[in-house]
Structures are given as C-alpha cells and as structure tokens.
Amino acid sequence: MTSPHTAITDRIRERVRRDGVVLDQGSAADYVREEVRRYSERALGGSTPMLADEAQTAREVLAALVGFGPLQPLLDDPAIEEVWINAPDEVFVARAGRSERTGIRLAAGETRDLVERMLASTGRRVDLSSPFVDASLPDGSRLHVVIPDVTRAHWAVNIRKFSSDVRDLGRLVELGSLTRHAAEFLRMAMIAGCTVIVSGATQSGKTTMLGALLAAARPTDRVVTVEETFELAIPGGDWVAMQCRQPSLEGTGEITLRRLIKESLRMRPDRLVVGEVREAEALDLLIALNAGLPGMSSIHANGAREALDKLATLPLLAGRNIDAGFILPAVASCVDVVVHCELLRDGRRRVREIHTPSGAVVDGRVDTVAVFESRSGMLSPTGQAPARLDKFVAAGLDPRIVLGHAA
C-alpha cells in the first residue's frame, strides 16, 4: 500500500509536469500545503488513512521535492555538525564532536539521486572517470563523495555543515575553546598584519578558527581567499572568494590552488588566505608571503612546531629544483604566529598552543617561542614574549600587556 507521504509527493510531481512549472522553494511549499489539505479532506471521508502529523508530512514531502529527502532533517538540525553515508542503511551524524548512527535507511539508488541533486547547481560531477568530488552546497556545507570501484560497494558521502554559530574570537572564548587573553593576543596579531598558520587534525576547528581570525582583521583590508571548495565566510568588508575547478570530461579547464594563488596576487590583496595547504601549493603561498604580503592558511599537523616542519616540507613536492635551503629560512621569516587546535575525546574543540617563530633556523628546524600552552586543561601564557614584536610595534600595539610582560 502506498504511504501518504509517497501518495502526496507523486500527486504533486504529476501536477508539476502537467502545469509545466519549475519548482522552487516557494512554489513547492504552495503545492505541498494544497495537496496535504486535499489529502486530509479525503481522509476525513474515510477513503485514505489519516495523517498522524500534517506539519511533519508537509516537511517530508517538501524535502523530497526540493530538499535532500531523508537527509534534510539532519541538515536542518543545528546540533548536527556532519552527516555521512557509508551504505544505504548506514547513515551517521556527528553532534558536539561525537558520532552516532541514525535509523535512516535509504532506498536503492536514493544515495545517487540525492548526490546528483546536490551537485546540480555546482557545475561539478562524479562518475567513473572522476570518482571523487568536492563541492559546496547552497548553505555553505561541504560535500565530499567517493563512488565504486574506489569504494568497495556503496557510495561514500560526507556533508560537513557550515556553522554560523562561531563568527569571531569572542564566541570561541564563550565556548571555552580559547581564553580571553589568548583571544586578545590573536586580535592584536591580526590588526598588526601578522601571518598566521592554523594547525590541527581533521575536525579540530581549523576552518572555524580561520573565520574567527578574519573577523578580527583590519576592516579596511582587502581579503582574497582561495579554497578547494568554498568554506570560509567573511561578514561584510572587501572580500573576494575563489575556489578550484575540476577538469571537464575532455580533461581540460582544471583550475588548481597553485593557479588561484598566482591569480590572487594580481587582485591587490591586503591579505591572502589559503583555506588549506596539502601539497605543492605551499610553495606558491610561501613565495607570496615572502614578498611581504600578510597571509593565513590551515594545515594538518600534530602540533605548532610540526606545522612549521610540514610547511617547510610540502614545497619540495613542487619539483627537484626546489632547495630546502631556501624554504626553511622563508618559513622562519614570513610566518609570525602558529595556532594549534585540537579535538578532545569528549567532542570539545580548543586551542592547545600558540607559537611565534623567532625568524631563525636552528638544527634544521624553524625556531619558535611558545607564548601560550595548555596547562591542566587551560590555555595559559608561558611567561615568554613573542619572538618578534616589529609588526606589533609598527601598529602601535604591545602584546606583552596581555602576556604579563609589560612594565
């Protein structure tokens, strides 16, 4: 027997085809309200089963028509950070950093249909010739898909939701991810035009930290962001955002992070932001920063010092003619602050340490000074002043005030 949800959905689709209209959120909602009302009237006459909850049925039908079906309630739930599908009957979510399995079971082929709907407005594709895809959904969430035969049997889908809850450093302080003194130090660093690297593991809050730091930048700065897929959001201001592009079916038209970084330098940026460096694009970022352009980026690493080690290693992937003798001093001289984030076992995210490079290379590593470290679960000043104060002084700032070093 056809369920009320299916019957109403099919009736609306039949009407849409007959009327020759293109559904959007508004017109779909009108159709849904009308058909739910008609169904309920028929149910009162005893010809169809009664609806247990008209409002819930309307939401489900609307999600099936213009949303993302059974996943839509998960995407609408502000407490859910990420949704992923391992198989049609294995749908998981993450809340407050912890994963849990849902009771959702997708119909055969429904995962593929949902992905195709998600990709419809992005200009990106996933098929046998291109079995991976990264894309941004209309609400800013990040979609990642891998299909067989790269996966064993089923489509693997991850949707990392865009959070609008954290917009600035003050909110991170409220959430306990950052102390007030550390937030003030980072605010000064942004105003002073420092180059900041944010490190951490997956899901440790690196992108959120980048966004909060950008909210503290000078309001007159022209910011250019380059990302594999759009994730960063800067409220207001002079901001240009660019993302990579996959190659066409003919293998042409690809735009890489390296290309975007080079193009961004022709756009008069006051600050260049690379969402994340993973490969040879680290070289192009370093060349830009070494020309005096303030920048920001995130990087996967186990600690602040390890982040600098990695930043000095990735450029070597650009080719054999890249000399480590140039890379190490370049990293040491152009990076001013490293913020390391971590995801705790209980799901909380926090800043574990903040380092400032001294500008020197000691025993083959970039020398740093830890200005904040986590002690007994609390991010505290170490008692050391930043290794370099020139940019702070030029901006009329003294970070030693918040570190307890001012006279």
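Everything here concerns the structure above.
Predicted model only: the values in this text are computed from it and were never measured. (Residues numbered from 1 in each chain as written. Predicted model: local features only at pLDDT ≥ 70, side-chain atom pairs only at ≥ 80, totals over all residues. Heavy atoms only, no water.)

1. Topic: the sheet that holds strand β6 (residues 156-160)
The strand order across the open sheet formed by six strands is β3-β2-β1-β6-β5-β4, and the pairing between neighbours is antiparallel. Unpaired on one side and paired on the other, β3 (98-101) and β4 (132-136) mark the two borders of the sheet. Taken over all neighbouring pairs, the strand axes of this sheet differ in orientation by 15° on average, direction set aside. Bridge analysis of β4 against strand β5 (residues 142-146) gives five bridges, and the strand direction is antiparallel. In the strand pairing of β5, Ala135 is matched with Leu143. (Pairing = 2+ DSSP bridges. Helix = DSSP H or I, 4+ residues; strand = E, 2+ residues; numbered from the N terminus. Axes fitted to C-alpha atoms, helices over the stretch in contact; angles between N-to-C directions.)

2. As for the environment of Asp139
By the secondary structure assignment, Asp139 is in the loop between β4 and β5. Each C-alpha atom, one on Asp139 and one on Leu75, is 9.7 Å from the other, the two residues being 64 residues apart in sequence. Separated by 2.9 Å, the side chain of Asp139 and the backbone nitrogen of Ser141 make a polar contact. (Polar contact = N/O pair within 3.5 Å; in protein donor to acceptor, adjacent residues only side chain to side chain.)

3. Things to note about the nonpolar core
The biggest cluster of nonpolar side chains holds 40 residues, and the ones touching the most others in it are Leu169, Leu178, Phe185, Leu186, Met209, Leu213 and Ile354. Within the residue set of this core, elements represented by two or more residues are α6 (169-174), α7 (180-191), β7 (196-200), α8 (206-215), β12 (337-343), β13 (349-362), β14 (365-375) and α14 (400-403). It is α7 that contributes the most residues to this core, seven residues altogether. Among the nonpolar cores identified, the runner-up in size contains 34 residues, and Met242, Cys244, Ala307 and Val338 belong to it. (Core = buried A, V, L, I, M, F, W, Y, C linked by side-chain atoms within 4.5 Å. Buried < 20%, exposed > 50% of the residue type's maximum accessible area, 1.4 Å probe, protein only.)

4. Brief notes about the packing of aromatic side chains
Under the defined criterion, the tally for this structure stands at three aromatic pairs. Each ring, one from Trp84 and one from Phe92, has its centre 6.0 Å from the other, and the planes form 5°; the classification is stacked. By the ring-pair criterion, three or more aromatic residues cluster together here, those being Phe185, Phe372 and Phe392. (Phe/Tyr/Trp six-rings, centres within 6.5 Å; stacked < 30°, edge-to-face > 60°.)

5. What about the pattern of salt bridges?
Inspection of the entire model under this criterion finds 35 salt bridges. In this structure, Arg15 engages Glu35 in a salt bridge whose closest nitrogen and oxygen atoms are separated by 2.8 Å. Placement of the pair is Arg15 in helix α1 (residues 4-19) and Glu35 in helix α2 (residues 25-44), with a sequence separation of 20 residues. An identical accessibility class is assigned to Arg15 and Glu35; each is buried. One salt bridge in this structure joins Glu228 and Arg278, with 2.9 Å as the shortest N-O distance. With a gap of 50 residues between them, Glu228 in the loop between β8 (222-227) and β9 (238-243) and Arg278 in the loop between β10 (271-274) and α10 (281-289) connect regions that are remote in the sequence. Since its relative accessible area comes to 29%, Glu228 is described here as partly exposed. Given a relative accessible area of 31%, Arg278 falls into the partly exposed group. Salt bridges sharing partners connect three or more residues here, namely Arg11, Glu14, Arg15, Glu34, Glu35 and Arg38. (Salt bridge = Lys/Arg side-chain N within 4 Å of Asp/Glu carboxyl O.)

6. Considerations on the layout of surface pockets
Looking at the second largest pocket, its volume works out to about 810 Å³. Contributing to the lining of the second largest pocket are 35 residues, with Ala63, Ala64, Gly67, Phe68 and Gly69 lying nearest its centre. Among the elements that take part in the lining of the second largest pocket, helix α3 (residues 54-66) stands out by supplying seven residues, more than any other. Split by residue class, the lining of the second largest pocket holds 15 nonpolar, 11 polar and nine charged. (1 Å grid on protein atoms, 1.4 Å probe; cavity = no way out; pocket = protein on both sides within 12 Å on 5 of 7 lines; lining within 4 Å. Points joined across faces, edges and corners; volume = space filled by probe spheres on them. Nonpolar A, V, L, I, M, F, W, Y, C, P; charged D, E, K, R; others polar.)

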